[in-house]
Amino acid sequence: MNTIKPVFAESGTLEVFLGIDVGSVSTNVAALDKHKNVIAESYVLTRGRPIEAIQEGMQIVKDALPVNAKVRGVGTTGSGRQLAGVVAGADIVKNEITAHAVAALHFVEGVHTIIEIGGQDSKIIILRHGVVTDFAMNTVCAAGTGSFLDRQASRLGIRIEEFGNLALRSKSPVRIAGRCAVFAESDMIHKQQIGHSLEDITKGLCQALVRNYLNNVAKGKEIRPPIVFQGGVASNVGMKQAFEEALGHEVLIPKYHKVMGAIGAAILAQDAVGEQGKTNFRGFDGVMRNYKTTGFECDGCSNRCEIVEILVEGNIVARWGSRCGKWDNVGMQDDRDAPGAAKSRPGRAHAAG
Ligand code: SF4
């Protein structure tokens, strides 16, 4: 969990734009002023409880903001962006490719390639002239993600924070099969058993992860500099070095590389709301309300869509998941404006939480 204190406080109102990025591993919140300076951030683990993670992250950011801060807009992104959009009252809900690209362009003008490696997925985004022209994601192979590195660090008995520095001290990195997590792990154990040093094994793992990324996620893409490396794994200096050696180019790591999706969402919110615009933000108190998620399978046709519902005090305030739009009528509307929102739905209930 990270927070920073506001870098400045203006007299009068400090206009703030919030971005929330809900992923399967972490939930990140960023607060930007109207000049797009980051004034507060939070990074909390999602732990399968996205609503609690959103609330915890928002509380951290609220506590870090000066008293004269006023939220003018909110954007959400990540796999839980729709949920976050409802909980916070988002002005814009955007996919993570767009949010990451917007944030990278903000910090590195003219960026051509974004390497993003998070806890459970990795992606590459190709930009030309400030526009996303191509992208690819890996959500299947564990060997190309941060959780794989975490697991190997734990197996080696080292803290993930030490991992990169150990790799930098390697004199003769071992070659570890990185095509799949199972092979990589057994190969690493074998290399450990025959006496290779921790330094050479950690460097070998970084190189294996980079090869995995370049052969799977980045396959067929032209990786042109400037190259920005973001996501939690960008903290690992061994990974930065391994990418630079493999690509033959400098790899840039933005200061806020862990929360770039949230920063992108905040910038998009500012654009969406505009200088004088009105925000849908529920307020920090509204975010802390007692939200519940439930769902059901629609039996209206053979698609059997999984419909997700969000409830506040028994009222459905949002619903999504239908391919035909049948259940989307509650949409993103604000429950304060819709006290009589539907309280029951046909279909087969299957979950509550
Ligand atoms: S939501 Fe629409 S598409 Fe999905 S199962 Fe129901 S009727 Fe079919």
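In this text, all values refer to a predicted model and were calculated from it rather than measured experimentally.

S.K.: How would you explain the pairing of strand S9 (residues 227–230) if you had to name every residue and give the values?
M.R.: Regular strands show a simple pattern: their side chains alternate between the two faces of the sheet. Side-chain alternation along S9 places Ile-227 and Phe-229 on one buried face and Val-228 and Gln-230 on a second face that is also buried. Note: strand S6 (residues 113–117) against S9, four bridges, orientation parallel. Bridge assignment links Thr-113 to a residue of S9, and that residue is Ile-227. Direction of pairing for S9 relative to strand S10 (residues 251–252): parallel, over a ladder of two bridges. When the sheet's bridge partners are listed, Ile-227 is paired in S10 with Val-251. In this fold, the crossover linking S9 to S10 by way of helix H8 (residues 237–247) has right-handed handedness.

S.K.: Outline the site of the ligand, supporting the account with residue identities and numerical values.
M.R.: In the vicinity of the ligand, the residues found are Cys-298, Gly-300, Cys-301, Asn-303, Arg-304, Cys-305, Ser-322, Cys-324, Lys-326 and Trp-327. For the shell around the ligand, the per-class residue count stands at five nonpolar, three polar and two charged.

S.K.: Give a detailed account of the sheet that holds S10, specifying residues and quantitative values.
M.R.: The strand order across the open sheet built from five strands is S8-S7-S6-S9-S10, with neighbouring strands paired in mixed fashion. Two strands bound the open sheet, and with one partner strand each, they are strand S8 (131–138) and S10.

S.K.: Give a detailed account of H8, specifying residues and quantitative values.
M.R.: Of all the residues in H8, the buried ones are Gly-238, Met-239, Ala-242, Phe-243 and Leu-247. The buried residues of H8 occupy one face: seen down the axis, they fall within an arc of 150 degrees. Against S6, helix H4 (146–156), helix H5 (160–168), helix H7 (198–217), S9 and S10 lie the buried residues of H8. Here H8 starts with a cap whose side-chain oxygen sits 2.9 Å from the backbone nitrogen of Gly-238, and that cap is Asn-236. Gly-248 sits one or two positions beyond H8 and adopts a positive phi of about 70 degrees.

S.K.: Run through the packing of H5 against H7, naming residues and quoting values.
M.R.: Between H5 and H7, the least distance of the axes is 7 Å, while the angle of their chain directions is 105 degrees. Our classification of the angle between H5 and H7 gives roughly perpendicular. Each of Phe-163, Leu-166 and Ala-167 in H5 lies in contact with H7, whose residues at this interface are Glu-199, Thr-202, Lys-203, Leu-205 and Cys-206. Residue classes in the contact of H5 with H7 are distributed as five nonpolar, one polar and two charged.

Cut-offs used in this document
Residues numbered from 1 in each chain as written. Predicted model: local features only at pLDDT ≥ 70, side-chain atom pairs only at ≥ 80, totals over all residues. Heavy atoms only, no water. Buried < 20%, exposed > 50% of the residue type's maximum accessible area, 1.4 Å probe, protein only. Helix = DSSP H or I, 4+ residues; strand = E, 2+ residues; numbered from the N terminus. Pairing = 2+ DSSP bridges. Right-handed = clockwise from strand over helix to strand, strands pointing away. Near = heavy atom within 4 Å. Nonpolar A, V, L, I, M, F, W, Y, C, P; charged D, E, K, R; others polar. Arc of directions from axis to C-beta. Contact = heavy atoms within 4.5 Å. Polar contact = N/O pair within 3.5 Å; in protein donor to acceptor, adjacent residues only side chain to side chain. Axes fitted to C-alpha atoms, helices over the stretch in contact; angles between N-to-C directions. Parallel < 35°, antiparallel > 145°, perpendicular 65-115°, else oblique.

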